[in-house]
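# Architecture and fold: a report
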Amino acid sequence: MIESMANWFLSLTWFPQMELASVKLLSVLLVGAGLFAFIAVNAIVLVYVERKVSAFMQVRLGPMRVGPYGTLQTVADALKLLLKEDIIPTLADSILFRVGPFIILISAIVAFAAIPFSPTVTAADMSIGLYYIVSISSIVVVGIVMSGWASNNKWSLYGAMRSAAQIVSYEIPVGLTLLAVVAMAGSLNMNEIIIAQGGSSNLFHWIPLPLPNWYMFNNPFLFIAFFMYIIGATAEINRTPFDLPESESELVAGFMTEYSGIRWALFFLSEYANFTLVAFLTAVVFMGGWQSPFETIFAAKTSLLVLLALALAWTGYVKTKANRLSIYPLAIIGLSTIAAWLFPGFAIWITEPGLFWIAMKVLSLIFLLMWFRWTFPRLRVDQLMYVSWKVLMPIALFNLIGVATWMWLTGEIQF
Amino acid sequence: MTEESIYSQLSAKFGDACLAFENEASHNPGALIDSTKLMDIMIELKENPAFAFDSLMCVSGFDLGEEAELGMIYHLYSVSLNHYFTIKTLLNRTTPKVASVANMWRTADWHEREVYDMFGVIFEGHPDFKRILLEEDWEGYPLRKDYVPAEFYRGMKIAKER
Amino acid sequence: MGRLHTEEMILNMGPQHPSTHGVLRLKLITDGEIVSHVEPVIGYLHRSFEKHAENLEYQMVSPFVDRADYIAAMNNGHAYAIAVEKMLGIELPPRVEYIRVIMAEFQRIASHLIAVGTFGLDVGGITPFIYCMRERELILDLFEMASGARLLYNYIWIGGLAHDLPAGWVEKAYEFLDEFDFHVEEYNRILTTNKIFIERTADVGVLPVEVAINYGVTGPNLRGSGIPFDVRKNQPYSFYDRFEWKVPVGEGAMGSVGDSWDRYMVRIEEMLESAKIIRQALDQLPAEGDVKAAIPKKIRPPKGAEIYSRYENPRGELGFYIRSDGTNIPTRVKMRSPAFSNISALNEISQGWMMSDVITILGSLDIVLGEIDR
């Protein structure tokens, strides 16, 4: 993308004559700024969404006062945080204290460089994209330990130590599950992984249930790997039920206890950036990224009808069980079904790959993780480690071997 | 077992240490005992299987007046036998001292500290003897009838009662 | 090379901490995450209740009593009223007794809802807390209808009640009871049977029966250890002997008897039992009766009269030791608050557990600092 952007700049007639290297640098800066803007806006939106989702799950209304339906609440909060006094405790290690949040934020932003937003838009379409994301996002640990240690607060230190142990431990099962996909795709390039998931096929190529040819439906081992990755990723981004580093009922606020104002906002920003990153990674690796789940227009129309039937059944179930009318899933699916059958343009549009589909997948995953957070209690430290080393690790190794065996049996690899 | 029979057995064993059986004014009948013999009587009440007072419900201090004695009252209950007894003892106002039962009933640990906090009764043999509700450097024992609050506490003026 | 020098760390949990349920300070001696000693430091909320009571008439003490345990004000007022009435030998009209039982049991449900909800919060689940508060709000509405206040009611007076029930109150109370079982089912689905919740609470902080009795632990905490001891059954006061209900005890369904999960479960079951009592009391409630008929003009118990009266508060045995000198002012009012004894057992049962477990155990003991410090 950098290359094409630089070439585009050079093709402009009014553009001043520059060397190719400087134009490339300019493009890199512009792309970086774009990513940062994306992350900032994304965080503001996600904070609002999270508050609303949690509110609806807890029979509350959530923010309602600032702007229509409280939509400007997070903007107001962000402004407040910007204006707040920047407090650095007297006994804190001032330099590390300042640097910590930036390291966390930078590692989160930089990782987005390899994320494919659509078939054409990838900031840096590198051949080792997946490896790059996994490695660069683990730098977060350094920042967390740094800020936890520099705060000179026992609670912060506890949070930092827990976080370090947790992220480092969960890297391993997460890495192993991703490795299974890499073995399947034969590439570390994000776009190639997505392209390999095009079209549709039967579930596990075997059960006669036509589904998109995503890796999560490709074979039973990757199906397990998908759920393991969700668990591991939840732990890596420190969200409930694995939010021990910042468990508010135990450690006050963990490693961010001593932070306030804009520095604290940076933590928040990076938290939501990581959150989105994980959702993107899951969507790309297991759910076909920007690929449309519908191979043909006919498939789109019939699938939507099936979905509509499911939504109707769900609404009926909720109505009989809890005497509540769950209208939104029915309305959304119903409207899209009608649109797909009535307007051929819409039907064609939803079968094309693009930003829409990856955004839908990412948003559903984000909703899933929010749902986790507002439902589950928190694990204890030793239970967390137990889950990582004694449950996820063996299964991940087994999965890796299983995927290899599957590939051998289906003839994808030969010895 | 009724309170009367508990008292008669106690007075048979300890003789003079049991001063009186109180059941008229009090709704919880019990024995008024000599404070020096408190420990022996309490051990008897707890260890004797006929009494088996495994639970000490409450330890309270009280003050009979500016000139009179301080009192201690122990309300005992047996969960296993479902009977009650009360032990009351009077202490000298100038040097109130009594044996601690905190090692027998752990309830007494904090309750005795509270009595010390409020009445200044010294409990001998208490495992962790210090004030509990008030600050360590608080002057005086507030629930004594002759208590006069200090003017200042760490430079802060103490509000006078109207 | 010598061995690496390590030492234990002293960690101050509180007085400002989200999970100490008030201004409690725990001095933790920790070895990494493992806690080797817990010392509760109390007194931050000391409001000299007993000193105040020395200078106030009997009637004037009862609002102070409400403030001791602000989560269960109705129960505290009831306990104090019963103690003074016993000293005076007052007989109450049946309607008063029934209304008192109804109020006390509603307050017990409200208090247990907070206990259950905040326990969920301590373990990390935020949603159950909000669910519990939703139902508590309905109970507070009922209290507000009857007394005009939502937290500190001063509704139960010595010898009677402040007001009779307003019109329509009984119907609203029935309405609440009809819905309540369904809501308890909701708590069970979201919290009680949650695998993570069970992992966090089962077998954690086991309180053996002997230790519990020795420390004077009472109420749901003692019953969680498997002893069906309840003052309402063992030494019935008011009209509790007229109702059919059972005393739930911990059975170790998820771990061993007396663990945090058992203490939690006892509270859930007690809420249902209380609902049963309320329903019976509402059915039997006499239509006629002046709630102020038995209120004495002057309260002067005989000189030297003393009483220790036991009462089953949501947190355990609430005792009032009251001593009279023949005037209208008590010489001594001692409040034996249940949470004061319950929390003294904290060190015993949380040694060797992790820091997160100390919070779980503290939450399962259900303390109210207003009552501990008085």
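This text goes with the structure placed above it.
Attention here is on the structure that accompanies the text.

Cut-off values and rules
Residues numbered from 1 in each chain as written. Chains lettered and ligands numbered in written order. Predicted model: local features only at pLDDT ≥ 70, side-chain atom pairs only at ≥ 80, totals over all residues. Heavy atoms only, no water. Helix = DSSP H or I, 4+ residues; strand = E, 2+ residues; numbered from the N terminus. Buried < 20%, exposed > 50% of the residue type's maximum accessible area, 1.4 Å probe, protein only. Contact = heavy atoms within 4.5 Å. Phe/Tyr/Trp six-rings, centres within 6.5 Å; stacked < 30°, edge-to-face > 60°. Lys NZ or Arg CZ within 6 Å of the ring centre and 35° of its normal. Buried area = accessible area lost by both parts, 1.4 Å probe. Salt bridge = Lys/Arg side-chain N within 4 Å of Asp/Glu carboxyl O. Nonpolar A, V, L, I, M, F, W, Y, C, P; charged D, E, K, R; others polar. Pairing = 2+ DSSP bridges. Axes fitted to C-alpha atoms, helices over the stretch in contact; angles between N-to-C directions. Patch = residues over 30% accessible without salt bridge, like charges linked within 9 Å, V, L, I, M, F, W, Y side chains within 5 Å. Areas by Shrake-Rupley, 256 points an atom, 1.4 Å probe, with all protein chains shown as cover. Polar contact = N/O pair within 3.5 Å; in protein donor to acceptor, adjacent residues only side chain to side chain.

This paragraph deals with the overall build of chain B. Check the secondary structure of chain B and you find 3 helices and 9 strands. Start at the N end of chain B and walk to the C end: the helices and strands fall as α-β-β-α-β-β-β-β-α-β-β-β. With the principal axes as the frame, chain B shows a C-alpha extent of 55 × 30 × 25 Å. Put simply, chain B has 162 residues, and 53% of those count as buried. In chain B, the share of contacts with a sequence separation of at least 24, taken over all contacts with a separation of at least 6, comes to 50%.

Two measures describe an aromatic ring pair: the distance that separates the ring centres and the angle between the ring planes. Tallied over the entire structure, the rule returns 46 aromatic pairs over all chains. Feature note: the residues Phe223, Phe226, Phe227, Tyr229 and Phe286 of chain A constitute an aromatic cluster, connected by ring pairs. Taking the ring centre of Trp341 of chain A as reference, the NZ or CZ of Lys301 of chain A above it sits at 5.2 Å. It is Arg134 of chain C that lies over the ring of Tyr131 of chain C; its NZ or CZ is 4.9 Å from the centre.

When the parts of a complex come together, some accessible area is lost, and that lost area is often used as the size of the interface. Taken together, the contact between chain A and chain C spans 25 residues of the former and 35 residues of the latter. Buried surface at the junction of chain A and chain C, both sides included, amounts to about 2,700 Å², of which 60% is carbon and sulfur. Three residues, Tyr158, Pro377 and Arg380 of chain A, lead the burial of chain A against chain C; their summed loss comes to 24% of the area buried on that side. Taken together, the links from chain A to chain C amount to 2 salt bridges. One salt bridge in this structure joins Glu33 of chain C and Arg162 of chain A, with 2.6 Å as the shortest N-O distance. Broken down by secondary-structure element, the contributors of at least two residues to the side of chain A that touches chain C are helix 7 (154–185), helix 10 (248–251) and helix 16 (381–409) of chain A. For the side of chain A that touches chain C, the class distribution of residues is 12 nonpolar, 5 polar and 8 charged.

Residue and element names in this part refer to chain C. Taken in spatial order, the 3 strands make up an open sheet running 6-7-8, and their pairing is antiparallel. Every other strand in the sheet has two partners, leaving strand 6 (306–313) and strand 8 (332–336) as the edge strands with one partner each. Geometrically, the sheet is characterised by an average inter-axis angle of 15 degrees between neighbouring strands, direction not taken into account.

No other pair among the 2 pairs of chains in contact exceeds the contact count of chains B and C. Across all C-alpha pairs, the smallest distance from chain A to chain B is 25 Å, and the two are not in contact.

Moving on to the environment of Gly62 of chain A. All names here are of chain A. Relative to the elements of secondary structure, Gly62 occurs in the loop between helix 2 (20–57) and helix 3 (73–83). Given a relative accessible area of 27%, Gly62 falls into the partly exposed group. C-alpha separation for the pair Gly62 and Asn218, spaced 156 residues apart in sequence, amounts to 40 Å. Residues contacting Gly62, with those up to four places away along its chain left out, are Lys52 and Ala55.

Burial analysis of strand 3 (residues 55–63) of chain B places 9 of its 9 residues in the buried class, which makes it a mostly covered element. Hairpin connection from strand 3 of chain B to strand 4 (residues 70–77) of chain B: 6 residues lie between these consecutive antiparallel strands, with Gly65 of chain B at a positive phi of about 145 degrees.

Attention now goes to a nonpolar patch on the surface. Residue and element names in this part refer to chain A. The grouping of Leu72, Val75, Leu79, Leu82, Leu83 and Ile262 at the surface amounts to a nonpolar patch, some 560 Å² of accessible area in total. Of all the elements, helix 3 adds the most residues to the nonpolar patch, at 4 residues. Tracing the sequence through the fold places Leu72 in the loop between helix 2 and helix 3. The partly exposed category is assigned to Leu72, whose relative accessible area is 44%.

Take Lys334 of chain C: it is sitting in strand 8. Owing to a relative accessible area of 1%, Lys334 of chain C belongs among the buried residues under this scheme. At 3.3 Å, the side chain of Lys334 of chain C forms a polar contact with the side chain of Glu114 of chain B.

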